[in-house]
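Coordinates in review
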Amino acid sequence: MKLESKIPSGPLAQKWDKARFQNKLVNPANKRKYEIIVVGAGLAGASASATLGELGYKVKNFVYHDSPRRAHSIAAQGGINAAKNYQNDGDSVYRLFYDTVKGGDFRAREANVYRLAQVSVNIIDQCAAQGVPFAREYGGLLDNRSFGGAQVSRTFYARGQTGQQLLLGAYSALCKEIASGSVQSFTHHEMLDLVLVDGHAKGVIVRNLLTGAISRHCADAVVLATGGYGNVFNLSTYARNSNATAIWRAYKRGACFANPCYTQIHPTCIPVTGDYQSKLTLMSESLRNDGRIWVPKKKEDCGKHPNDIPEEARDYYLERKYPSFGNLAPRDISSRSAKEVCDEGRGVGESGRGVYLDFADSIQRLGEAKVRERYGNLFDIYHEITNENAYQVPMRIYPAVHYTMGGLWVDYDLMSNIPGLFVLGEANFSDHGANRLGASALMQGLADGYFVLPNTICNYLASVGPGKRPGVEHEAFKEAEDNVRGITQRLLASQGKRTVDSFHKELGHILWEHCGMGRNETDLKKALQLIPALREEFWKNVKVPGEEDNLNQSLERAGRVADFLEVGELLCLDALERAESCGGHFREEHQYPDGEARRDDENFAHVAAWEYQGRDKKPVRHVEPLVYEEVKMTTRSYK
C-alpha cells in the first residue's frame, strides 16, 4: 500500500488556494443527487453536517447520544485559537502555524497545519455570527487569553464553557438544516460497521440503542467524526461513553490507523481519589494563565497545609525550568514535570500524586472579583468535586489522559486510504503531531467541518458521479450486517463471571502503568503480553446480561471494551516500534541528560500508519515521510 498525501505543490501559503481551484466541483443541481453519511455530532460532525446540508447535499447524521448537544465537545473549557492578532502582540498565521508544528514536536504534516492556521481566522467570524457569546473587553471587542506553548494571546473563549457554546452554535446550524429537510438526524444510533463496495465506502451498519434494531444505510460517501480513543485507558477526562468503535471497525475494513501511540496527558486535572471513580475531571489549561504551579522544596513539608508553607520553601518548578514560558509550557512537558517532582516524593495530597495550582498572587494582583469573572465556573466545579475553596486554598492537580493525536490516516483532502471514507476532528491524525497545543482541538474540529471537508469532498463525489450508489440490498451490506450480529451474539453467549467494567479497569491499569507518561521497552513488551491474555479472558469470562433486541447498555459497553482491548494492543505496539521520544510519546531510553525528550529525526521523521491483516496477525506498518519545506526541525526548547 502506498500512502499518497496529495499535498499540492507550490509555496506553502498557496497550497490551500491551489487545492480548492484544482478540485472538481459539483454543481448545485447535482448536489441534491448525492447522499452523505456523517457519523458523530460534536463540533466536527455537527459543523460538517450543517454545512453539507446547506450546500444542498442530502445528509444523514448518526449519533449515539439522545441529542447532538450531548457530544463530548461540550467538555472543552478554555478556548479556541485563531490568528487574529487582536492584541497586537506579534501573532500571525505563520506564528500560529509554527507554534503548532513546534508544539507537535515536528511530527505533524506541514501543509495541513498551515491550512489550519489559515482557516482559523474565519472560524471566529463564523461562530460570532452564529451568536457564540465570546468574552469581550470593556469596549465590546472580542477578548483573548494566552495558552500553553505560545507567547501571544490568541485564544478566544466563553468563560470556562467554550466548547459548549461553540457546539450550541454548530447545533443551531444543524437544527436549521434538519428543519429544512436537508439533514436527517438519527439519535440513539451507534455505528457498528463500515460497508465497502468495490473498495469504496458506501454505507454503515448501525444499531438503535433504544430498540436494539440493526439497520443498513447507504450513501455516496461516509464521514467519521467520532472523536478520540483515550477511554482505552479507562480513567480519562473523556465523556464516559466516548469510544473507538467507529474508527476501529473502519480500521478492520482496511483504513490505516496512524500514530496510535500519540496520547496526550493533560497536566491540569483533579487527582484520582479512589478506585470507585469512572472518570476524571479537567481543570482548564486557561487556569495556568493566572495560577502558579508549585510543590514544596522539601519532602517533609508535603504534609503541611499549603498556606503554612512559606514562599522560600516552595518550588515553582515550571517557572524555574522553563523561564520563557513558565506555567504555560506545553502540556506534554508540564505533565512530565509534574510526574518528576511526584516521583521525587514531593507530591501533595493523600496519594502523593498531586501538585498545587495557586491563585494567591493573581487574587492579590487582580482582586478576587476579577478572578471570579474569568474562572468562576471552574472554581465552582472544583469545589463541587473536592469541597475545597480554591480562592482560599491552592487547587490540587495531576496529569490525566485527555486527547489522542493518533487516528485514522487521511490525505490532504481528509480522505482515508479507503476511497469515499473521510475522517474529521480527533478521529483523524493529521494536525497535531505528537502533542496537541491547548485550544487547538476546537479549532481543528470546526475547521474540518465548516471549511475543509466541504471544499474537498466534492472532488471525490464528482469523480464517482451522481446516482451510482448501491442500495442496501447489495451483498456487501448483508455481509456487514451479519458481521455485526455475529459480534453481538458472541458477546451475549458468553456467560462468564466478570463484568465488562472490570475488564476495562484492568486494561486501563495495564496501559497507564506500562504505556503512560513514561514508556520503555521492557514495560511495553510486558503490556503486549498482558493485553492479549486479558482479551482472551474477556471472551471466555465476560458476563453480558440482557438481550439484543431492546435497550441494553451492558451490551453497548461490552462491544466498546472489546474494541478497546484491540486498540490498546496496537497502541503499545506502535509505542514499542517508535524508538524515540517526541511530544506525548516519551521513551525513557531516549532523553537528554536534563530529562528533555530526544527525537530521532533520521529514523522516525514519518507517520506510522498500521494496516489490519486479520485476527491474531500482526498489522503491517506503513510509513509516510514528513517533509518540511518551510520550517527546520529543531530540538524543542521552551526555556
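Conventions and cut-offs
- Residues numbered from 1 in each chain as written.
- Predicted model: local features only at pLDDT ≥ 70, side-chain atom pairs only at ≥ 80, totals over all residues.
- Heavy atoms only, no water.
- Helix = DSSP H or I, 4+ residues; strand = E, 2+ residues; numbered from the N terminus.
- Expected span 1.5 Å × (residues − 1).
- Buried < 20%, exposed > 50% of the residue type's maximum accessible area, 1.4 Å probe, protein only.
- Contact = heavy atoms within 4.5 Å.
- Disulfide = S-S within 2.5 Å.
- Domains from an automatic or database assignment.
- Buried area = accessible area lost by both parts, 1.4 Å probe.
- Salt bridge = Lys/Arg side-chain N within 4 Å of Asp/Glu carboxyl O.
- Polar contact = N/O pair within 3.5 Å; in protein donor to acceptor, adjacent residues only side chain to side chain.
- Nonpolar A, V, L, I, M, F, W, Y, C, P; charged D, E, K, R; others polar.

Attention shifts here to helix α3 (residues 43-55). Helix length check: α3, at 13 residues, gives a terminal C-alpha distance of 18 Å against a target of 18 Å (1.5 Å per residue), a fit within 8%. In terms of residue burial, α3 counts as a mostly covered element, since eleven of its 13 residues are buried. Along α3, the residues classified as buried are L43, A44, G45, A46, S47, A48, S49, A50, T51, L52 and G53. Where the residues of α3 are buried, they touch β1 (35-39), β2 (58-62), α6 (162-180), β5 (183-186) and α12 (441-464). Phi turns positive one or two residues past the end of α3, at G56, with a value near 115°.

Moving on, we get to α6. Given 3.6 residues per helical turn, the α-helix brings residues three or four places apart onto the same face. For α6, built from 19 residues, the straight-helix expectation of 27 Å at 1.5 Å per residue is met to within 8% by its first-to-last C-alpha distance of 28 Å. Listed as buried for α6 are T162, G163, Q165, L166, L167, G169, A170, A173, L174 and E177. Each element contacted by the buried residues of α6 is listed here: α3, β3 (80-81), α5 (110-129), β4 (155-156), β5 and α12. Looking one or two places after α6, you find G181, whose phi comes out positive at around 95°.

The next point concerns the state of the cysteines. As enumerated under the stated definition, the model contains zero disulfides in all. Counting only cysteine sulfurs, C127 is the nearest neighbor of C175, a cysteine outside any disulfide, at a range of 16 Å. The thiol of C256 is not disulfide-bonded; the next cysteine sulfur, from C261, is found 16 Å away. When its relative accessible area of 0% is taken as the criterion, C256 is described as buried.

On to the domain arrangement of the protein, then. Per the domain assignment, the segments of the protein are domain 1 (265-401) and domain 2 (475-599). The gap between the C-alpha centroids of domain 1 and domain 2 is 31 Å. With eleven residues of domain 1 in contact, the opposing surface of domain 2 contributes eight residues. Roughly 860 Å² of surface becomes buried between domain 1 and domain 2 when both sides are summed, with 60% attributable to carbon and sulfur atoms. Between D275 and K505 there is a salt bridge, with its nearest N and O atoms 3.8 Å apart. Linking domain 1 with domain 2 are three residue pairs in polar contact (both at pLDDT 80 or more). For the side of domain 1 that touches domain 2, the elements supplying multiple residues, two or more each, are α9 (331-346) and β15 (395-404). Taken together, the residues of the side of domain 1 that touches domain 2 sort by class into six nonpolar, one polar and four charged.

As a further point, take the side chain of H606. As for its placement among the helices and strands, H606 is situated in strand β18 (residues 606-611). With a relative accessible area of 9%, H606 lands in the buried category. Engagement of the side chain of H606 in a polar contact is seen with the side chain of R621, the distance being 3.1 Å. With sequence-adjacent residues up to four places away left out, H606 is seen in contact with R578, R621, V623, E624, P625 and L626.

Once that is clear, we can look at the pattern of salt bridges. Considering all chains together, one arrives at 58 salt bridges under this definition. In this structure, E54 and K176 form a salt bridge, with 3.9 Å as the shortest nitrogen-oxygen distance. Of the two residues, E54 is situated in helix α3 and K176 in helix α6; the sequence distance between them amounts to 122 residues. Note on E54: relative accessible area 57%, which makes it exposed. The shortest N-O distance in the salt bridge between E580 and R107 comes to 2.9 Å. In this pair, E580 is assigned in the loop between α16 (553-577) and α17 (601-604) and R107 in the loop between α4 (93-103) and α5, connecting sequence segments 473 residues apart. By the burial criterion, E580 is buried, and R107 matches it. Counted as one network, the salt bridges with shared partners bring together D105, R107, D332, R336, R578, E580, R599, D601 and R636.

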